[in-house]
Amino acid sequence: MARRKRAAIQLNSPQRKALEYFMLVAGSLVLATSFNLFLNPNQIASGGVSGLSTILHNLFGFPPAIVQWACNIPLFLLGLKMLERHYSMKAALGSIILPLCVMLTSHLQPLTTNPLLASIYGGIGVGLGIGIVFRGRGSTGGFSIASQILHKYTGLSLGACVAVFDGLVILFAGIVFDPEKALFALIALFVTSKTIDIVQMGWNTSKVAYIISNEIETLREAILYDLDRGLTLLDAAGGYTGDERKVLMAVVSQSEVSKLKIMVRSVDPDAFIILCPAHEVLGEGFRAG
């Protein structure tokens, strides 16, 4: 209980809150800059309210920032009413700050007129910005709120609801511009999602190894003292025999995978090894949180 209380204090400390608000502003600025440098001038509407603002800007000349405010603020208020959940100040600020950053960076000249380059680098920039906002436990509002409303009242998964709104925007772009622009928008959307994952989970290339063997004690000592890695023993039972046994779990870096496999095979050639990617590993021997 005391540990949970200390964790809660750290999450809500003034320093942590200040950092999260800074990340909200910084992420919005990165997102807006990428939008104006790559996506908007090349008519790449890769989903979301920003994609819709690109379409309306090219159709009617509406400033993207105005369109985003016109969508974000009503959606935020609708979310307050229909989702019956507490919306933090950061969610409200995100709905206002992102369009403001778009307006402040609207004077920037595009870095490329190549739609493929714009899709890739625009997707990276947008994903980086959203990832920074998410790391700060923030939100940029927009269709993410509409997706939550659709999720609540239809039972569709949240991922499917997000895909519905992004898909409609991209389809609309394909009709307004041309089908090729919609294909570039899909590239940008894919790059954005992958970049968000990288920002959220890092480039960590560690592996989680699960080892089932009749020589668990020998392998335990080898990993502890020869490989110099910690480990955990898990209680398990054979699916066919029902016999109780131990499963050894260890986290190793990518460079140690080959050494681990050779070590296990030399001790028990019949050992069963499962290697899974560990997207983020925090703690002793790995990076700090």
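It should be emphasised that the depicted structure is a prediction, and the values quoted were computed from it without experimental measurement.

Reading guide: rules and limits
- Each chain carries its own residue numbering, running from 1 in the direction its sequence is written.
- At least 70 in pLDDT is required for a residue's local features to be given in this predicted model, at least 80 for side-chain atom pairs to be given and counted, and no such filter applies to totals for whole chains, interfaces and linings, which use all residues.
- With hydrogens and water set aside, each side-chain value is computed from the structure's full complement of heavy atoms.
- UniProt positions are given in the numbering used here, feature names are shortened, and annotations may be inferred rather than shown by experiment.
- Under the DSSP-based scheme used, a helix requires at least four consecutive residues in state H or I and a strand at least two consecutive residues in state E, with every element numbered from the N terminus.
- One requirement defines pairing of two strands: DSSP has to find at least two bridges between them.
- All axes are obtained by fitting lines to C-alpha atoms, using only the stretch in contact for helices, and the reported angles, taken between N-to-C directions, cover 0 to 180 degrees.
- Residue contacts follow a heavy-atom distance rule, with two residues in contact if any of their heavy atoms lie within 4.5 Å.
- Three labels apply to residues, based on accessible area from a 1.4 Å probe with only protein chains included: buried if under 20% of the type maximum, exposed if over 50%, partly exposed otherwise in between.
- By definition, turning the near helix anticlockwise from the far helix through less than a right angle yields a left-handed crossing, and turning it clockwise yields a right-handed one.
- In this count, Pro and Cys sit with the nonpolar residues alongside Ala, Val, Leu, Ile, Met, Phe, Trp and Tyr, while Asp, Glu, Lys and Arg are called charged and the others, Gly among them, polar.
- Each patch is assembled from residues with relative accessible area greater than 30% and no salt bridge, linking like charges that lie within 9 Å and nonpolar side chains (Val, Leu, Ile, Met, Phe, Trp, Tyr) that lie within 5 Å.
- Methods summary: accessible areas were calculated by the Shrake-Rupley approach with a probe of 1.4 Å, and residue burial reflects only the protein chains presented.
- Definition used for salt bridges: Asp or Glu carboxyl oxygen within 4 Å of a side-chain nitrogen of Lys or Arg.
- N or O atoms closer than or at 3.5 Å make up a polar contact, with two conditions inside protein: a donor-capable atom paired with an acceptor-capable one, and, for residues adjacent in sequence, both atoms drawn from side chains.
- The criterion for an aromatic pair is that two Phe, Tyr or Trp rings (for Trp, the six-membered ring) have centres within 6.5 Å, with stacked assigned to planes under 30 degrees apart, edge-to-face to planes over 60 apart and tilted to the rest.
- Here, a charge over a ring is recorded when the distance from Lys NZ or Arg CZ to the ring centre is within 6 Å and its angle to the ring normal is within 35 degrees.

Okay, the UniProt feature "transmembrane region" (unreviewed entry) in the protein next. Using the residue numbers shown here, the UniProt feature "transmembrane region" (unreviewed entry) corresponds to residues 21-39, 59-80, 92-110, 116-134 and 155-177. Regarding residues 92-110, the helix share stands at 68% and the strand share at 0%, and the terminal C-alpha atoms are separated by 29 Å. Within residues 116-134, the helical portion is 100% and the strand portion 0%, while the C-alpha atoms at the span's ends are 27 Å from each other.

As summarised here, the arrangement of the four strands in space is S2-S3-S1-S4, forming an open sheet in which the pairing is antiparallel. At either margin of the open sheet sits one strand with a lone partner, and together these are strand S2 (231-237) and strand S4 (272-278). Strand-to-strand twist in this sheet, taken as the mean axis angle between neighbours without regard to direction, amounts to 25 degrees. Bridge count for strand S1 (residues 206-212) against strand S3 (residues 244-252) is six bridges, and the pairing is antiparallel. By the bridge assignment, Val-208 is partnered in S3 with Val-251. Across the sheet, helix H11 (residues 257-267) touches S1, S3 and S4, and the angle it forms with S4 is around 165 degrees.

The topology assignment puts Ala-65 in helix H4 (residues 64-82). Residue Ala-65 is classed as buried on the basis of its relative accessible area, which comes to 5%. Taking the C-alpha atoms as reference points, Ala-65 and Leu-100, separated by 35 residues in sequence, lie 6.6 Å from one another. Leave out the neighbours within four places in its chain, and Ala-65 touches Pro-99, Val-102 and Met-103.

Looking now at the side chain of Asn-40. Secondary-structure assignment places Asn-40 in the loop between helix H2 (14-39) and helix H3 (48-60). For Asn-40, a relative accessible area of 10% corresponds to the buried category.

This part covers the packing of H2 against helix H5 (residues 89-104). Packed helices, taken two at a time, are described by the angle their axes make and the gap between the axes. H5 packs onto H2 with a crossing angle of 35 degrees between their chain directions and a minimal axis gap of 9 Å. Taken as a pair, H2 and H5 cross one another with a handedness that is right-handed. Listed contacts from H5 to Glu-20, Tyr-21, Leu-24, Val-25, Ser-28, Leu-29, Leu-31, Ala-32, Phe-35 and Asn-36 of H2 are Met-89, Lys-90, Leu-93, Gly-94, Ile-97, Leu-98, Cys-101 and Val-102. Residue composition of the contact of H2 with H5, by class: 13 nonpolar, three polar and two charged.

Below, the discussion takes up a nonpolar patch on the surface. A cluster of nonpolar side chains, contributed by Leu-59, Phe-60, Phe-62, Leu-156, Val-164, Leu-168, Leu-171, Phe-172 and Ile-175, occupies part of the molecular surface with about 870 Å² of accessible area. For the nonpolar patch, the leading source of residues is helix H8 (residues 158-176), giving five residues. Mapped onto the secondary structure, Ile-175 falls in helix H8. For Ile-175, a relative accessible area of 63% corresponds to the exposed category.

Relative orientation of the contacting elements helix H10 (residues 216-226) and H11 amounts to 145 degrees, with a least axis distance of 10 Å. Here H10 and H11 pass one another in a crossing that is right-handed. Contacts between H10 and H11 involve Thr-218, Leu-219, Ala-222, Ile-223 and Asp-226 from the former and Lys-259, Leu-260, Met-263, Val-264 and Val-267 from the latter.

Our next topic: the pattern of salt bridges. Inspection of every chain in the model, using the stated rule, returns four salt bridges. Across the salt bridge formed by Glu-217 and Arg-220, the nearest N and O atoms sit 2.7 Å from each other. Of this pair, Glu-217 and Arg-220 both sit in helix H10, three residues apart, which is roughly one turn of that helix. For the salt bridge of Arg-229 with Glu-256, the shortest nitrogen-to-oxygen distance reads 3.0 Å. Of the two residues, Arg-229 sits in the loop between H10 and S2 while Glu-256 sits in the loop between S3 and H11, which places them 27 residues apart along the sequence.

Before going further, it helps to spend a moment on the side chain of Glu-256. Assessed through its relative accessible area of 16%, Glu-256 is described here as buried. A polar atom in the side chain of Glu-256 sits 3.0 Å from the side chain of Arg-229. Look past the residues within four positions of Glu-256 in its chain and what remains in contact with it is Leu-227 and Arg-229.

On to the packing of aromatic side chains, then. All chains considered together, the criterion is met by three aromatic pairs. When the ring centre of Phe-177 is taken as reference, the NZ or CZ atom of Lys-181 above it lies at 5.9 Å.

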